[in-house]
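Close look at the chain arrangement
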Amino acid sequence: MAKWGQGDPRWIVEEREDGTNVNNWHWTERDATSWSKGKFQDLLVGIVVENDAGRGEISELKQVEGEASCSSRKGIVKESGVKHKGLIEIPNLSEENEVDDTEVNVSKKKGDGDILKDLMKTAGTAKVRQALGDYLKALKTEFTTGMILPTKAMATQSENTLQVQASSPVALGVRIPTVALHMMELFDTSVEQLYSIFTVKDLVQKFSKSTAVLEAEKGGKFQMFDGNITGEYLELLTNKKIVMKWRCRNWPEEHYATVALNFVPTLGQTELQLDCKGVPVCKEENMKFCWQKQHFEEIKGLLQLTPPNG
């Protein structure tokens, strides 16, 4: 805390009796949802890629879903072409990750036009990511203008330093290079039994051979392997899907990956599909080992000792 008449000139306590949040210096937040929709319209509509095989263009911004603030963005963008209708989907856009790692899905209806689809998946994806990068830059510069008001001492300065209160737990800072993982494993058991192994404390402790804490509900916390694995349940669809915030103790502080488990019934077995996003690059191999050796193989060992409905 600066003393009266000393320190940072942005502490202007004499201009307010209580000195609270003077000039928005301590905290401020803006809803950028409406602004973002207009920005996506400007940046995405009109993107064109072409080669000898044909020409692809994003001609319409059909739908944008989600919320945006100064440091948290999520959007879904759809487009339709002139001769071949298709879909460009951006499931999640976050300032936390590199734009080049942002997932961009391109699809189209069955029939002709696969050459144009491939064009949009390569050159089109690159241009879309470039536009998303421009959006993130604009969000932190253009949109945030005036979020901290200049004081008398700062009036003569040509630039003002902006600080933004993040709407998510992850503050703006050093970006962590991350990778996405996809793994699949077959288990000789029912969907119901395999789902319970991930959501029932006693069964988790049996396959992990360690203490565990589980609150298997949306927003519930969990700890496994004596606290080495921690996280939160984001979504639970009974016997179908589990989505979690997930981290290892030795990961960068407050950094979480998103782990999705899909339970798919097959003939006499259950296929477990694991999709994980946001794994620190330096921890990729450790993550694979953790799931293959400490989860999949240990669960198979437990199933050999467990009755079908046990």
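What you are looking at is a predicted structure, and each value in this text was computed from that prediction instead of being measured. The numbering scheme is per chain: residues are counted from 1 as the chain's sequence reads. Given that this is a predicted model, residues contribute local features only at a pLDDT of at least 70 and side-chain atom pairs are listed and counted only at 80 or more, while totals for whole chains, interfaces and linings are drawn from all residues. Water and hydrogen atoms play no part in the side-chain values, which are based on all heavy atoms of the structure.

Our next topic: the pattern of salt bridges. The term salt bridge refers to a side-chain nitrogen of Lys or Arg lying within 4 Å of a carboxyl oxygen of Asp or Glu. The full count for this structure, using the stated rule, is eight salt bridges. Measuring nitrogen to oxygen at the nearest pair gives 3.5 Å for the salt bridge that ties Lys206 to Asp202. You can see Lys206 and its partner Asp202 sitting in helix H4 (residues 201–208), four residues apart, about one turn around the helix. Exposure is judged per residue with a 1.4 Å probe applied to protein chains only, and the accessible area is read against the type maximum: over 50% gives exposed, under 20% gives buried, and values in between give partly exposed. Overall, the relative accessible area of 46% leaves Lys206 in the partly exposed class. Of the charged contacts in the structure, one is a salt bridge between Lys288 and Glu285, with a shortest N-O distance of 3.7 Å. Within this pair, Lys288 and its partner Glu285 are both found in helix H5 (residues 284–305), separated by three residues, close to a single helical turn. Through salt bridges with shared partners, a single ionic network connects Glu284, Glu285 and Lys288. Strands are runs of DSSP state E lasting at least two residues, helices are runs of H or I lasting at least four, and both sets are numbered from the N terminus onward.

Position of Asn92 relative to the elements: it lies in the loop between strand E3 (86–89) and strand E4 (105–108). With ten residues separating them along the chain, Asn92 and Thr102 place their C-alpha atoms 7.3 Å apart.

So, on to the side chain of Glu232. With respect to the element layout, Glu232 can be found in strand E8 (residues 229–237). Overall, the relative accessible area of 18% leaves Glu232 in the buried class.

Note that all results are geometric; they support no functional claim without further evidence.
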